[in-house]
Amino acid sequence: MGNQYDGYTMRATFANIYMGNLRSNIEQIRRRLAPGVRLCIPVKADAYGHGAVPVAHTAVECGADYLAVAVVSEGVELRKAGITIPILVLSLPQPSEFTEIIERHLTPSLCDSELIRMLNVTATAMGRKVPIHLKVDTGMGRIGCTAAEAPELARLIAQSQGVYLDGVFTHFAVSDSLLPDDVAYTRRQIGTFQQVIDSIRRLDIDPGICHAANSAAVFQYPEAHFDMVRPGLVVYGYYPGDITEEYLNGVVGGKDAPSAVHLQPLMDVRSSIVAVKQVRRGESISYGRQWVAQEDCQVGVIPAGYGDGLLRRYGENLQVTINGRLYPVVGRICMDQCMIDLGTDSSVSRWDEVIIFGPQEHGALQSAQDIADKAGTISYEITCGIAQRVPRVYKDE
Ligand SMILES: *Cc1c(COP(=O)(O)O)cnc(C)c1O
């Protein structure tokens, strides 16, 4: 598929993005949806680190109905790249961004009368009628009006010249948890959201597209699909929380599996051994001298560090795959480089390829999920953290 670095020399550290996996993941998600349920694909934070523009183009080819971004500038980037399908802006905009939202045909999420009125003034002055998705907080505790406020806000939107109600939505706090309390909480959120929709309809106002489901809810709560779903993480090939591949395929938890699921991560991050050195017993590696060789050994250097998104706190939880074997990072991860313990009788040589993480079928023995589990974070943070200076190479596979 080519990439933005064609034609000039690429650095040793780069990320492959497997667009075939993106297509396959979207296809598997589609199979879970009733006919007519729309698909909104979140491409915020540069498509969770995978590159918003290429992911958006492929998502459109795969039949996505909406895209979602967090901030206005992300929506503008997609419009400049020729994306014409509706783009929902999930976070609250600044009033100063309204002109740009309108000019770029973005769909803002709003949840209070002050912003709705201000947008209406700007839209009316520009002679436009702007779609709004009303965000309702049914238990996430982030942005959104209360269930009680929603009907009046829907009425305000319906009665304003410059705007119209294109959708109503909410977001789940614990849909990825199988703990009974969390399941009950999510069911209450779904119930509250249904009541909000009903109360808007009772005012004879069309709520537009009603949507709630994130990745976990797409698989776990089909009753929460409503008119559209917004799965992010699963599109990128990772499983949310307790909703693992084993669980979905009925291997654990005794769940009936409607069809086998096998999502595949899109991203692998690769580098290469740029130096191999002999280290004597007692010699230390990297800042702080925290790792000291217990015996004579070989240490490899790779040109990737926290400036590339290999966070310093991953420390020795980070292992890399070289020639089909795992080797640990030793010593502190630096901004631009880190060191690998190659052991005493290593067959690794200079220029050997290193896979930092990635999908198994492309040779990685460690996934972003593995790193996340060991480092006490979530896979979202690993892929979002891969820095801009790591070139993305788009593959058709
Ligand atoms: C990020 C986000 C999503 C997608 O969540 P995933 O857990 O990645 O599926 C959906 N809706 C909203 C409002 C979001 O902010």
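The structure we're discussing is the one just above.
All of the points below concern the structure found in this document. Position numbers for residues start from 1 in each chain and track the written sequence from start to end. Restriction of local features to residues with pLDDT of at least 70 applies here, the model being predicted, together with a cutoff of 80 or more for giving and counting side-chain atom pairs; totals for whole chains, interfaces and linings are based on all residues. Heavy atoms throughout the structure, all of them, feed into the side-chain values; hydrogens and water do not.

### Digging into helix α11 (residues 368-375)
And step 1. Think of it in three bands: with a 1.4 Å probe and only protein chains considered, a residue is buried below 20% of the maximum accessible area for its type, exposed above 50%, and partly exposed in between. Under the DSSP-based scheme used, a helix requires at least four consecutive residues in state H or I and a strand at least two consecutive residues in state E, with every element numbered from the N terminus. Where α11 is concerned, the buried positions are A368, I371, A372 and A375. The buried residues of α11 occupy an angular sector of 100° when the element is viewed end-on, so they sit on one face.
And step 2. Throughout, a contact is declared for two residues whenever any of their heavy atoms are within 4.5 Å. Looking at the buried residues of α11, the elements they touch are β18 (353-357) and α12 (379-384). What the arc covers is the set of directions going from the helix axis to the C-beta atoms.

### Points about unusual backbone geometry
And step 1. At A47, a position not held by glycine, the phi torsion is positive, near 55°.
And step 2. With respect to the element layout, A47 can be found in helix α2 (residues 44-48).

### Structural notes on the pairing of strand β17 (residues 338-343)
And step 1. Counting buried positions over the six residues of β17 gives five, a clear majority of the element.
And step 2. Both strand β14 (residues 297-302) and β17 contribute to a ladder of five bridges, which runs antiparallel. Along β17, the bridge assignment pairs I302 with C338.
And step 3. Criterion used throughout: strands pair if DSSP finds at least two bridges between them. One ladder, built from two bridges, connects strand β16 (residues 325-330) with β17; its direction is antiparallel. Bridging from a neighbouring strand, V330 pairs with M339 of β17.

### A short note on the sheet that holds β14
And step 1. Spatial strand order, β11-β14-β17-β16-β15-β18-β10-β1-β19: nine strands in an open sheet with mixed pairing. For this open sheet the edge positions go to β11 (275-279) and β19 (392-395), each flanked by a neighbour on one side alone. Here the average twist between neighbouring strands, direction ignored, is 35°.
And step 2. Bridging between strand β10 (residues 267-272) and β18 involves four bridges; their strand directions are antiparallel. From the neighbouring strand, V269 faces β18, where its bridge partner is F357.
And step 3. Orientation is described by axes fitted as lines to C-alpha atoms, over the contacting stretch for helices, and by angles from 0 to 180 degrees between their N-to-C directions. Seen against the sheet, helix α1 (residues 19-30) touches β1 (14-18) and β19 and runs at an angle of roughly 40° to β1.

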